[in-house]
Amino acid sequence: MSRTVYVNGEYLPETEAKVSIFDRGFLFADGVYEVTSVLGGKLIDFAGHAKRLQRSLDELEMANPTTEDELLEIHRELVRLNGIDEGLIYLQITRGAADRDFAYPKDPVPTIVLFTQAKPELAAAPMAKTGLKVISIEDQRWGRRDIKTVQLLYPSMGKMMAKAAGADDAWMVEDGQVTEGTSNNAYIVKGNTIITRNLGTEILHGITRVAVLRMAREAQMSVEERPFTIDEAQGADEAFITSASSFVMPVVEIDGQAVGTGTPGRVTARLREIYLDEMRKAAV
Ligand code: PDD
């Protein structure tokens, strides 16, 4: 499979796309990213991702090489060139190439890269029927998790720890409270109430999270944004995660203990359905 990717203003075959070995994304993880899903050839919540991208760039005093309109055009062109019906678009912006120095370079030229990943079963994911098993691990990431940087080594290690334990993913815990999943936000359900960690520098401000909490409120569910423990989660009626790549996905087991009935819950299934319905309609 040879994809067409986007690098610094050009659409190229993936084998011809190149970035400097001096790129600060490569040397310092000095870069930010976004992942936007595609359903029916259209972008889900593009505006939310573009807004968070700008916030991440601002927090790192990094220049944005594109306008939001240009970025939308690039996303759409990649969907078209690669014939994506369902899948993901990955976008990364780094501070660009400079001689190695811890201080930010003066007047850097940012690097921008986008590529697609076809995922024919994104909406009809089998995991939505079976649910995920998660383990808990200590959250050993840096303190600015609200900035979507490309420093993903610890989440990657967490995923491997989960696999080694026969699970699907890990929920990270700090000071006894769940922060989030390795690449998703974490939730529990008790009766008619959805509970998820409040926003702060401890977690990524998920774009899917914003939409799902709004939809939960509109569906007359109550929402509590507060920390919770693994104990509380194990005793909850349901648990789930959200992200651009999983939408709303049930969690059925935490550290070997079944959550609720040990099968995907009703509230989670309903939220997944509402989310997919509404977001397909609003896709651009
Ligand atoms: N991850 N928390 C973390 C640590 C994440 O990496 C992600 C997204 C989320 C959910 O954010 P959103 O709803 O905006 O996708 C929460 C993406 C999908 C990834 O790294 O592939």
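Residues numbered from 1 in each chain as written. Predicted model: local features only at pLDDT ≥ 70, side-chain atom pairs only at ≥ 80, totals over all residues. Heavy atoms only, no water.

*Asks:* Got a minute to help me understand a nonpolar patch on the surface in this structure?
*Replies:* Together, Ile-21, Phe-22, Phe-26 and Leu-27 line one region of the surface with nonpolar side chains, adding up to about 430 Å² of accessible area. Position of Ile-21 among the secondary structure elements: in the loop between β2 (10–13) and α1 (24–28). A relative accessible area of 58% places Ile-21 in the exposed class. (Patch = residues over 30% accessible without salt bridge, like charges linked within 9 Å, V, L, I, M, F, W, Y side chains within 5 Å. Areas by Shrake-Rupley, 256 points an atom, 1.4 Å probe, with all protein chains shown as cover. Salt bridge = Lys/Arg side-chain N within 4 Å of Asp/Glu carboxyl O. Helix = DSSP H or I, 4+ residues; strand = E, 2+ residues; numbered from the N terminus. Buried < 20%, exposed > 50% of the residue type's maximum accessible area, 1.4 Å probe, protein only.)

*Asks:* How should I be thinking about the packing of aromatic side chains in this particular structure?
*Replies:* Aromatic ring pairs are defined here through the distance separating the ring centres and the angle between the ring planes. Inspection of the entire model under this criterion finds seven aromatic pairs. With 5.1 Å between their ring centres and 65 degrees between their planes, Tyr-6 and Tyr-11 make a pair best called edge-to-face. Assessed through its relative accessible area of 9%, Tyr-6 is described here as buried. Classification of Tyr-11 by relative accessible area gives partly exposed; the value is 34%. Ring centres of Trp-171 and Phe-228 lie 6.0 Å apart, and the angle between their planes is 65 degrees; on these two criteria the pair is classed as edge-to-face. Separated by 57 residues along the polypeptide, Trp-171 in strand β8 (residues 169–174) and Phe-228 in the loop between β12 (222–225) and α7 (230–234) bring together distant segments of the chain. Phe-228 shares its class with Trp-171; the two are buried. (Phe/Tyr/Trp six-rings, centres within 6.5 Å; stacked < 30°, edge-to-face > 60°.)

*Asks:* Teacher, can you tell me more about the nonpolar core here?
*Replies:* Nonpolar side chains in soluble globular proteins generally cluster together in the buried interior. With 29 residues, the main nonpolar core has Leu-39, Ile-194, Met-221, Phe-240, Leu-271 and Tyr-275 as its most contacted residues. Among the elements of the structure, β3 (31–39), β5 (87–94), β10 (185–190), α6 (207–218), β14 (247–254) and α8 (266–282) are those that each provide at least two residues to this core. Here this core gathers at least three residues from each of two domains, domain 1 (4–118) and domain 2 (127–282). Of all hydrophobic cores here, the second largest spans 22 residues; its members include Tyr-6, Val-38, Phe-46 and Ala-50. (Core = buried A, V, L, I, M, F, W, Y, C linked by side-chain atoms within 4.5 Å. Domains from an automatic or database assignment.)

*Asks:* What's the story with the side chain of Asn-184 in this structure? I'm lost.
*Replies:* Locating Asn-184 in the fold gives a position in the loop between β9 (177–181) and β10. For Asn-184, the side chain forms a polar contact with the side chain of Asp-169, separated by 2.9 Å. Residues within four places of Asn-184 in sequence aside, it is in contact with Asp-169, Trp-171, Ile-241, Thr-242 and Ser-243. (Polar contact = N/O pair within 3.5 Å; in protein donor to acceptor, adjacent residues only side chain to side chain. Contact = heavy atoms within 4.5 Å.)

*Asks:* I keep staring at the side chain of Ser-246 and nothing clicks. Help me out?
*Replies:* With respect to the helices and strands, Ser-246 occurs in the loop between β13 (238–243) and β14. A polar atom in the side chain of Ser-246 sits 2.9 Å from the side chain of Ser-243.

*Asks:* Got a minute to help me understand the domain arrangement of the chain in this structure?
*Replies:* Here the chain is described as being made up of domain 1 (4–118) and domain 2 (127–282). The C-alpha centroid of domain 2 is placed 26 Å from the C-alpha centroid of domain 1. Each partner contributes to the interface: domain 1 provides 21 residues, whereas domain 2 provides 20 residues. Both faces considered, domain 1 and domain 2 share a buried interface measuring about 1,800 Å² in area, 64% of it formed by carbon and sulfur atoms. Among the residues domain 1 hides against domain 2, the three largest losses belong to Tyr-33, Leu-39 and Arg-52. Together they make up 33% of the total. For the interface between domain 1 and domain 2, the tally reads two salt bridges. The partner of Glu-59 in a salt bridge is Arg-144, and the shortest N-O contact between them spans 2.8 Å. Linking domain 1 with domain 2 are seven residue pairs in polar contact (both at pLDDT 80 or more), by the criterion used here. Elements supplying a minimum of two residues to the side of domain 1 that touches domain 2: β3, α2 (46–59) and β5. (Buried area = accessible area lost by both parts, 1.4 Å probe.)

*Asks:* I tried to follow the packing of α6 against α8 on my own but got confused; where do I start?
*Replies:* Packed helix pairs are specified by the crossing angle of their axes together with the interaxial distance, meaning the distance between the axes. Closest axis-to-axis distance for the α6/α8 pair is 10 Å, and the angle between their directions is 110 degrees. Taken as axis vectors, α6 and α8 run roughly perpendicular relative to one another. Judged by the sense of rotation from one axis to the other, the crossing of α6 with α8 is right-handed. For the pair α6 and α8, the contacting residues are Thr-208, Ala-211, Val-212, Arg-214, Met-215, Ala-216 and Glu-218 in the first and Leu-271, Ile-274, Tyr-275, Glu-278 and Met-279 in the second. (Axes fitted to C-alpha atoms, helices over the stretch in contact; angles between N-to-C directions. Parallel < 35°, antiparallel > 145°, perpendicular 65-115°, else oblique. Left-handed = near helix turned anticlockwise from the far one by under 90°.)

*Asks:* Explain the pairing of β14 to me, please; I cannot follow it from the model alone.
*Replies:* Regular strands place side chains that alternate from one sheet face to the opposite one. Burial within β14 is extensive, with seven of its eight residues counted as buried. Summarising the sheet, strand β7 (residues 132–138) and β14 pair through three bridges and their orientation is parallel. Looking at the pairing, Leu-132 lines up with Val-251 of β14. Two strands pair when backbone bridges link them, and β13 and β14 are joined in this way by five bridges, in the antiparallel orientation. Following the sheet pairing, Ile-241 is matched in β14 by Met-249. Counted along the chain from β13 to the antiparallel partner β14, the turn is three residues long. Direction of pairing for β14 relative to strand β15 (residues 257–258): antiparallel, over a ladder of two bridges. Bridge assignment links Glu-253 to a residue of β15, and that residue is Ala-258. Where β14 folds back onto β15 in an antiparallel hairpin, the turn is made up of two residues, including Asp-255, whose phi is positive at roughly 50 degrees. (Pairing = 2+ DSSP bridges.)

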